[in-house]
Every structure is written in C-alpha cells, then in structure tokens.
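One letter stands for each residue in the lines below.
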Amino acid sequence: MALPSGDRPLRRVAMISLHTSPLDQPGTGDAGGMNVYVVELSQRLADLGIEVEIFTRATSSALPVKVELVPGVTVRNVAAGPYEGLSKNELPAQLCTFARAVLRAEAIREPGYYDVIHSHYWLSGQVGLLARDRWAVPLVHTMHTMAKVKNASLAEDDVPEPPARLLGEEQVVEAADRLLANTDDEARELIDLYGAPPAKVGVVNPGVDLDLFRPGDQAAARQAVGVPENAVVLAFVGRIQPLKAPDLLIRAAARMLDQDPSLRDRLVVAIIGGPSGNGMEHPESHAELARALGVDDVTRFVKPIPRAGLADWYRAASVVCVPSYSESFGLVALEAQACGTPVVAAAVGGLTTAVRHGTTGLLVPGHGVDDFADALRRIATDPVTRETMGGAAVEHARGFGWELTAARTLAAYRTAAETMAADLAAEVAG
Ligand code: UDP
C-alpha cells in the first residue's frame, strides 16, 4: 500500500459516534451536547464541500440502514448487538462488530474512500484507531468527556467511571494523530492527566447556532412557554443526572424563598430535560426533592424539547443555571447567552470559557446552595443587571459560531494528515 501523503485532497470524513446517534433528541438518556456537536460540525463541513458519513450504533430495528441528514451528510445505522436495552457500559462488547461494519464500508468501495477519521468519545476512538491503521488515514479524536476528570469531581450520589474506560481513553490518546480539546483547560488535562504530547493537541471551541439562538422579545417568549410576564424564571436545561446537579437549582430556589417569601408569587423554576445515567433509576427523585423542600408549587418539569422550542425557554428565563460538577464545555450556557440570557454556572471545566464571570453571568466556585442562591438572586431580581449582562452575553456568544468550529476542525484534519505522513515515513525509514 502507498504511504499516505500530507497533501492528499480531503474529500470525505468517516465520523464515528458509536454510543449515541445524531438522529436522537438531545437532552435525555445518552443524547446531549455531543449529538448536537456531531450534527452541527458535519453540516458545516458539508457546507465547506466535505462529504461526511456518520457511523452510529442502531438502537431500533425500524431505523433505515442509511439516512441523509442534509445533502453531503449521511448517517449509517450500524447493527451491533441488540437494538434496545443496551447500556453504555455494555457497549465495549460490541466494538468488534461495529468496527467490522465500519471497515466494510470502505472494503465494498475503493481503497482510500475515506480521507480522515474523526471519532467522538473513547468508544468511537477504539474503532477509529483500528480503522486508522487499516486505512492508513489520520485519526482525529475528540474526547467530549474524560473519565479522569469526571472521577475527580463526582457528585455525592454518582458512581466513578470504570478503570477499563480510563485505559481505553489512554489507548486512543496514544494512537490518535490529533486530539481536539474544547478549551485550553481540556488541552492541559489531556497533556497532564493522559500524557498527550502537546504538539498533538489542538483547541477547537464548540459553537452555537446563532440563527436559532438569538435574542427576542421576553414577553412573547413567556407567553409561548406559559409563564406570567412578571415572573422570576430560573431555568435548568440538560440531562437529569447527578453530574448535572439540577437538584442544586431546586435547593437554591428553596433557599431564595426562605430568604424572601414574597418571591413565591412570581418564582418559576423550570427543569427541562429527561433522565440519564444514574438518574434513569430515579426519575421521580427531583419531584420528590421539590416537594420535600416545599417548592413543588413553583417547579415545572418539562420533557426534552427540540432545540427550536428551547430558544423560547432561554428567552423567557431570567437566568439559566448550569450547576454541573464537571462539564467539558456546556453548550446550554452558550445557547442561553446567545438568546440574551445571563448564566449562573459552576466554575468548572469548559463553563469557565463559556461564561465570562461578572460580565455575561456569574461563575460560582464549589456547589454551595447559599452561593448559588445569592448568584441567582443578584441577576434574576435585578432587571438592570439582567439587561446589562444579557447584552454582554449576546456579544460573547457571537464569537462561537459553528462555522468557526468547522473551519478549525478542517485545519486540524490537514495537520493530522501531514503529521501522520511524516510519522509513517519515519517509521518505514527507521
Ligand atoms: N437539549 C435539547 N433539548 C432539551 C435539553 C437539552 O435539545 O430538552 C440540548 C441543548 O440544546 C444542548 C444539549 O442538549 O445543545 C446539551 O448540551 P450540553 O453541552 O449543555 O450538555 P451535555 O449533554 O453535553 O452534557
């Protein structure tokens, strides 16, 4: 086989998103920011003339083998293991079958059909590293979350990630030609915790759909979601799981009411999203918590909604709260800001990049209920602060279009092709 060349044209990407499908509704189960990321990046790459095939594991026998997402982006639903009822922790047993289907997608066409592999999350990376060596094309990998980071800051009732995942991640870090980190912090974690060579790591911020998430009339948005015009609205958007800590918003809201009972007539706490991970086993626990704290009358649980509908909730909110224990970026924070809504977030991971403390919202160190209650009150009950921070938030979010993410990712594909060609040439010569 000819050695890969650094200047080979880049026409087609094999995008691997094994454990969660870009066709799934984000905000519940295993579907979240990564799904949005894969869809948005693929669409924007297609806009740049790159064809994208996304490989994902089929979770229903009713799914067609191939779905065109938009022209230039195809989703391939790969049968690997039982369609339904397989948890993420059981997926390593299906890696070989999945990898076989990915390799076959090239084998039935011509050699060199794909020019680059981009894998998302370590399970996809395991498939990617095999395809990389078989096809002699570069592997670009995005971690999305890292077990070592997650285990270092677990919520009280969360379970640590298993050692097999840590090892699997290390193998992918070692084999990938280029690692894309969401932020400078994540790049440092890849280097410090996983021993990634600094030259192999690039930072590419995720983006936000600035057409969908834009400022709008708050009164109209409140009418659309059924919230009184004069309400103080605190919103959480995301998967209901210990890591995301929606309970902290419920507790902080209860503390705000203790301190200012007059707020009760106006307060609305919206928890938008579906159960995920450990939360799956206790879908009712947050409703019970709200009852126990006496805030069930002001708390609304909203089932996961398509992103177009979310924009109304973001605009309707006085503040969006992102109290996560760890967060590789936090798309919700960016989406809220793009709609002109300040964010109160935990000062962890990518949220310290997504939110500008004191300007577009507040970053809270730790997970203290009082601290969150104070931060929420400072913005939600002061229209001037809300307005000023909301304006700054829109400006800040404008710097994060997906077009930029795609352009930087494409540059990373090219760098990966060059370094892989040089590495292989050196290996053969040596
Ligand atoms: N989301 C959605 N509908 C919902 C709740 C969430 O479409 O009801 C989307 C939200 O718009 C965001 C993503 O799910 O794009 C969550 O991404 P984030 O990075 O905040 O969290 P992750 O799921 O990656 O942990």
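Computed from a predicted structure; not experimentally measured.

A.B. asks: What am I meant to see in the site of the ligand here?
C.D. replies: In the neighbourhood of the ligand, 20 residues make up the surrounding shell, with Gly33, Lys244, Ile305, Leu331 and Glu335 lying closest. A distance of 3.3 Å separates a nitrogen atom of the ligand from a polar atom in the backbone of Pro26. A distance of 2.8 Å separates an oxygen atom of the ligand from a polar backbone atom of Gly33. Within the complex, 93% of the 550 Å² of free accessible area of the ligand lies under protein. Broken down by secondary-structure element, the contributors of at least two residues to the shell around the ligand are α1 (33–47), α10 (307–316) and α11 (331–338). Class assignment for the residues of the shell around the ligand results in 10 nonpolar, 5 polar and 5 charged.

A.B. asks: Help me out: how do you make sense of the UniProt feature "domain: Glycosyltransferase subfamily 4-like N-terminal" (unreviewed entry) in the protein in this one?
C.D. replies: Taken from the UniProt record, the annotation "domain: Glycosyltransferase subfamily 4-like N-terminal" (unreviewed entry) applies to residues 32–207. Between the first and last C-alpha atoms of residues 32–207 the distance is 14 Å; the span itself is 41% helix and 19% strand.

A.B. asks: Whenever I open this one, the nonpolar core confuses me. Can you help?
C.D. replies: One broad trend across soluble globular proteins is that nonpolar side chains are buried collectively. With 134 residues, the main nonpolar core has Leu234 and Tyr413 as its most contacted residues. Ranked by residues supplied to this core, first place goes to helix α8 (residues 246–259) with 8 residues. In this structure Leu234 touches Leu249, Ala253, Met256, Leu267, Val268, Val269, Ala270, Val319, Leu376 and Ala380, once residues within four positions along its chain are discounted.

A.B. asks: Got a minute to help me understand the environment of Tyr37 in this structure?
C.D. replies: Structurally, Tyr37 can be placed in helix α1. In the structure, Tyr37 is positioned 170 residues away from Gly207 in sequence and 8.0 Å away in space, judged by C-alpha atoms. Ignoring sequence-local partners within four residues, the contact set of Tyr37 consists of His120, Thr142, His144, Asn182, Pro206, Trp402 and Thr405.

A.B. asks: Please clarify how the packing of α8 against helix α9 (residues 285–292) should be interpreted in this entry.
C.D. replies: Geometrically, a packed helix pair is captured by the angle between its two axes and the distance between the axes. Contact geometry of α8 with α9 gives a least axis separation of 10 Å together with a crossing angle of 15°. Between α8 and α9, the crossing angle belongs to the class labelled roughly parallel. Where α8 crosses over α9, the handedness of that crossing is right-handed. Seen from α8, the contacting residues are Pro246, Asp247, Ile250 and Arg251; seen from α9, they are His286, Leu289 and Ala290. In the contact of α8 with α9, the residues fall into 4 nonpolar, 1 polar and 2 charged.

Rules of the game
Residues numbered from 1 in each chain as written. Predicted model: local features only at pLDDT ≥ 70, side-chain atom pairs only at ≥ 80, totals over all residues. Heavy atoms only, no water. Near = heavy atom within 4 Å. Polar contact = N/O pair within 3.5 Å; in protein donor to acceptor, adjacent residues only side chain to side chain. Areas by Shrake-Rupley, 256 points an atom, 1.4 Å probe, with all protein chains shown as cover. Helix = DSSP H or I, 4+ residues; strand = E, 2+ residues; numbered from the N terminus. Nonpolar A, V, L, I, M, F, W, Y, C, P; charged D, E, K, R; others polar. UniProt positions renumbered as here; feature names shortened; annotations may be inferred. Core = buried A, V, L, I, M, F, W, Y, C linked by side-chain atoms within 4.5 Å. Buried < 20%, exposed > 50% of the residue type's maximum accessible area, 1.4 Å probe, protein only. Contact = heavy atoms within 4.5 Å. Axes fitted to C-alpha atoms, helices over the stretch in contact; angles between N-to-C directions. Parallel < 35°, antiparallel > 145°, perpendicular 65-115°, else oblique. Left-handed = near helix turned anticlockwise from the far one by under 90°.

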